[in-house]
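Now for the letters of each chain:
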Amino acid sequence: MLHFGAAYYPEHWPEDRWPEDIRLMKEAGITVARLAEFAWSTMEPAEEQFELDWLDRAISLLAENGIVSVLGTPTAAPPAWLTHKHPYTLAVDDYGRSAQHGNRCHYCANSTEYHAHSRRIAEVMARRFGSNPHVIGWQIDNEYNRVCYCSRCRARFHEFLQARYRTLDALNARWSTAYWSQTYSDWEQIPLPIGGHNPGLLLDFRRFITDSYRRFQRVQIEALRPHLREGVWITHNFMGWFDAFDHYALTEALDIAAWDCYVGAGYHDRSKQAAAHDLTRGFKRKNFWLMETQPGCVNWSSLNNMLNQGEARVLAWQAIGHGADAVLYWQWRSAYGGQEQYHGSLVDQSGRPRLFFEDARRLGQDLAAVADLLDGTEPLGQVAVLNDYESRWSIQWQRHHNDFDYVSHLFHYYRPISEHNIPIDVISADAPLSDYRLIVAPALNIMDEQRAAALVDFVNGGGHLILTARCGMKDRDNALLPSRQPGSMLSELAGVEVAEYYALDKPVPVQGDWLQGQSRLWAEQLNILDKTVSTIARYGKSNGWLDDQPAVTVTNRNGGRVYYVGAYLDDNAQDVFIEHVLKAAQLAPPFDAPAGVEICPRSGADGRLVYILINHERAHQIVSLPWAAQEHLTGQRVDGTVALDAYGIAVLTQV
Ligand code: GLA
C-alpha cells in the first residue's frame, strides 16, 4: 500500500493535545506516523525502568483514526544517564575529542556497552509492540553517520585486519608498506587513519566502518526480529549519497531501504533528486520508503528558503515515480524547544496548520486516489548506472584534480539519460547485469576479474557498455593494477588502453564526425589495440601529448558494443554523445514529452503499466499521448493530449 505520513513526537506534547493532532492528520490524509526514534529518555527514564504505556496509547489513538505506525529504535539519541555512566559509549573524533551529550549520533558503534543497552531497549520495544497489528514496520536508529576514532575502535580495527589478512606479511605486501617505511611488525602498531594515509589502509578502514555499523545494526535486528509478527519489515533511513560506509553491505540485512530526501538551500533539481531515489531503490533492487522529506524548508542549510508553493508535490510524486511506496514529512509539528525550532512542519508552534499544510493535504488526497492502482508496481530500469563505494573512496582520496568528484561524474552520465525519460537503475557494480540494454560504468576505478568478467559477459550477451575515464585503474587493495587502464580484460573488450591520463588545467577541444566540444578536468589518451575500434572523437590542439590523439572510441563485439570515453565532455557534447548511444541501443522514451516533463513508468507483475507524468516547471505544459488514457487523479479520460499545470501531475493508464 502507498503510504503518506509524518514524523510525530507525542512525547513532546501533553496527552490532551494528541486528539487534535490526530484529527488534523486525518484531515491531511495521513495514513502512517513514524514514532519514537528519539524517545529513549522518555521510554527508559532510568536504567531498566521502562515507560511505554504512553507510546501504546499513542499507537492506539492513531490506529482508532485509521493511521498505522512505524516505530524507530531510539539509539541515535541515548539518554544522559547512559552516557554519564558509560562515557566510553561516546564517540571520539579524529582529533581525539570525545563527543558531549546533548546532540545525537554521538555513540561509538563498536562500544559493547552501547550494544548491550541498544539491544535491551530494542528488545523491550519489540516485546511490547512487535505483535501490535497497527505497527507495520521498524526503523533502526536514525541516519548512521558517525565515525569514531577511540582506542576500542582501534583495537577492533586490528582484529578486523587480522581476520582479513591473517599475517602481517600479507598485509604489508598488499598495502605496499615498504613505501615510506610503513612496514608493520606488530598489529598494534597499525594506526587509525587521520587525514591522508596509505591507500590500502584507508580502504580497509572504510570497510571496517561498514562492518562496525553492520554489527551494531545486527544487534538490533536480532533483538527485534523474533518478536515481530509476520510481514512487519525492518529498515533504516539512509542519506542518499552519503558515503561513510558501503550502503549495499548495510542494506543486505534490512527488508527494505529508506532514505531522507531534503533539498536544503534552493529548489529541487529534477535529475539530482531522481538519481538519489534510483540509488536508494538500487540498494535492495526494490521499492523503498521516503522516510523523511522537507515540508517547505529546513533549518540546517546556509539559506533555508521555502520551496515554491506546489513544489513539494513534484518532489513527492517524483519519489513515487522512482519507486517510493511511502512519503513522510519531517516533522508533523514544530517543537517549542530543541535544536530544530525553525524547521518546516505541517503544524506550527501554535498548534494550527501552517500554509504548507494545504500542499500536504492535496497530496494526501491524490495519493489516496491512486494507492490501489500503484500497489504492487515498481519502476523497471532499462539502463544501469553502476555505483561503487570503493571506487568512489579511492578517487576521493586521490582526486588528482580537485574538481573531479565521483558522484558529479556519475551524474554527468545519469542526467542526460534521465532527461530522455529512460528509466535508470543505479546499482552496485557487483549486481547482476543481464536485465539491461545499456550499462554505464562511470569511473569504476576498482576492478577485479569478477567485475571485468561480468562486463565482458554483458557485452557478449548483446549489451551496450560505456566505460569512462578512470575505469579499471586499481585493485581491491586500492593499489594500481599492474596493467594499464582499464585493466587487461576490459582493454581487450574495448580494444583500447590508456596510454596516459592528464588532469587538465584548462579545457581541451574534442572533435569527431558528429561530436564536437571540450574535455574538462580530465583527459585520457587512448591507444587503439585492434582494428575493429573506431575513433568517435580525438583531442584537438592542447599540451602536445594529447594533440590529435583518440579521446572517445567504440567497438562492436558479439552483438554488443563498447564505448571508451577518456574525455570528461562538456554538457552539450555529453548530450550529443548520450543521444547517439541511446539511439544505437534502441532506447527510447515511452512517448515524447516537452523538456521539463518527466515520465515515470511503474509496472506490476500483472502487466499493469502506470505512467506518472511530472511537470517540473512552473509553467503550464501540454503532453501529446500516442494513445487514449485514463487520468486517475481527476478520474477523466484523456484523448490525444494531457494538460499539466505548473508543477502539475498526471497519473495515466492506457485505455
Ligand atoms: C534528519 C533527521 C531528522 C531531522 C531532519 C531535519 O534527516 O533524521 O530527525 O533532524 O534531518 O531536516
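Source: prediction; values computed, not measured. (Residues numbered from 1 in each chain as written. Predicted model: local features only at pLDDT ≥ 70, side-chain atom pairs only at ≥ 80, totals over all residues. Heavy atoms only, no water.)

Notes on the overall build of the chain
Under the convention used in this document: Going along the chain from the N terminus, every DSSP run of H or I of four or more residues is numbered as a helix, and every run of E of two or more is numbered as a strand. Within these notes, the globule rule equals 2.2 Å times the number of residues to the 0.38 power, and the radius of gyration is based on C-alpha atoms. Three labels apply to residues, based on accessible area from a 1.4 Å probe with only protein chains included: buried if under 20% of the type maximum, exposed if over 50%, partly exposed otherwise in between. Whether two residues touch is decided by their heavy atoms; if any such pair falls within 4.5 Å, the residues are in contact. Here Asp and Glu are counted as negative and Lys and Arg as positive; His is not counted, and neither are the chain ends. Here the site of a charge means NZ on Lys, CZ on Arg, CG on Asp, or CD on Glu.
Helices and strands together make up the secondary structure of the chain, namely 17 helices and 28 strands. The C-alpha atoms of the chain give 26 Å as radius of gyration, which agrees with the globular expectation for 655 residues (26 Å, within 12%). Overall, the C-alpha framework of the chain stretches about 80 × 75 × 45 Å when taken along its three principal axes. Taking all 655 residues of the chain together, 60% fall into the buried category. In the chain, the proportion of contacts linking residues at least 24 apart, taken out of those at least 6 apart, comes to 72%. For the chain, the separation between the mean place of its 59 positive charges and that of its 79 negative charges on side chains is 1 Å.

Section: helix α13 (residues 389–397)
With 7 of 9 residues buried, α13 lies mostly within the body of the structure. If you follow the buried residues of α13, they end up packed against α8 (199–224), α9 (247–251), α10 (270–284), β11 (383–387), α14 (406–419) and α15 (449–460).

Topic: the side chain of Asn478
So the rule is basically this: The definition of a polar contact used here is a pair of N or O atoms within 3.5 Å, where within protein one atom must be able to donate a hydrogen and the other to accept one, and adjacent residues in sequence count solely through side-chain atom pairs.
With respect to the helices and strands, the residue Asn478 is situated in the loop between β14 (464–468) and α16 (488–494). A relative accessible area of 4% places Asn478 in the buried class. Of note is the side chain of Asn478, whose polar atom sits 2.7 Å from the side chain of Ser394. Side-chain polar atoms of Asn478 contact the side chain of Lys474, separated by 2.7 Å. In contact with Asn478, not counting residues within four places along its chain, are Pro199, Gly200, Leu203, Ser394, Trp397 and Ile446.

Quick notes on the domain arrangement of the chain
The condition that has to hold: Residue ranges for the domains trace back to a domain assignment, done automatically or taken from a database. The term buried area denotes the loss of accessible surface (1.4 Å probe radius) that occurs when two parts are joined, taken as the sum for both partners. Throughout this description, the term salt bridge denotes a Lys or Arg side-chain nitrogen within 4 Å of a carboxyl oxygen of Asp or Glu.
Domain parsing of the chain yields domain 1 (3–144 + 210–376), domain 2 (383–584) and domain 3 (597–654). Placing a centre on the C-alpha atoms of domain 1 and another on those of domain 2 gives a separation of 38 Å. Tallying the contact residues gives 22 residues for domain 1 and 20 residues for domain 2. Together domain 1 and domain 2 conceal approximately 1,600 Å² of surface at their shared face, both sides included; 54% is due to carbon and sulfur atoms. On the domain 1 side of the contact with domain 2, Trp241, Asp243 and Tyr248 bury the most area, a combined 36% of that side's loss. For the pair domain 1 and domain 2, the interface holds 2 salt bridges. Here Arg392 makes a salt bridge to Asp243, at a shortest N to O gap of 3.5 Å. If you look at where domain 1 meets domain 2, you find 13 residue pairs in polar contact (both at pLDDT 80 or more). Contributions of two or more residues to the side of domain 1 that touches domain 2 are made by α9 and α10.

Details of the packing of aromatic side chains
This is how the line gets drawn: Centres within 6.5 Å make a pair out of two Phe, Tyr or Trp rings, where for Trp the six-membered ring is used; the pair is then stacked when the planes are under 30 degrees apart, edge-to-face when over 60, and tilted otherwise.
Summed over all chains, the structure comprises 40 aromatic pairs. Ring plane angle 85 degrees and centroid distance 6.0 Å describe the contact between Phe4 and Tyr329, whose orientation is recorded as edge-to-face. Of this pair, Phe4 sits in strand β1 (residues 3–7) while Tyr329 sits in strand β9 (residues 324–329); the two residues are 325 residues apart in sequence, bridging distant segments of the chain. A relative accessible area of 2% places Phe4 in the buried class.

Remarks on the sheet that holds strand β23 (residues 609–615)
Applicable threshold: Whether two strands pair comes down to DSSP finding at least two bridges between them. Simply put, an axis is a line fit to the C-alpha atoms, just over the touching stretch for a helix, and the angle between two N-to-C directions goes from 0 to 180 degrees.
Overall, antiparallel pairing links the 6 strands, which are arranged β10-β22-β23-β28-β25-β26 in an open sheet. Only two strands of the sheet have a single neighbouring strand rather than two, namely β10 (377–378) and β26 (637–638). Where strand β25 (residues 629–631) meets β26, 2 bridges bridge the pair, whose relative direction is antiparallel. The partner of Ala629 across the bridge, within β26, is Val638. Sheet strands touched by helix α11 (residues 311–321): β22 (597–604), β23 and β28 (649–654). Its angle to β23, the strand with the most contacts, is close to 150 degrees.

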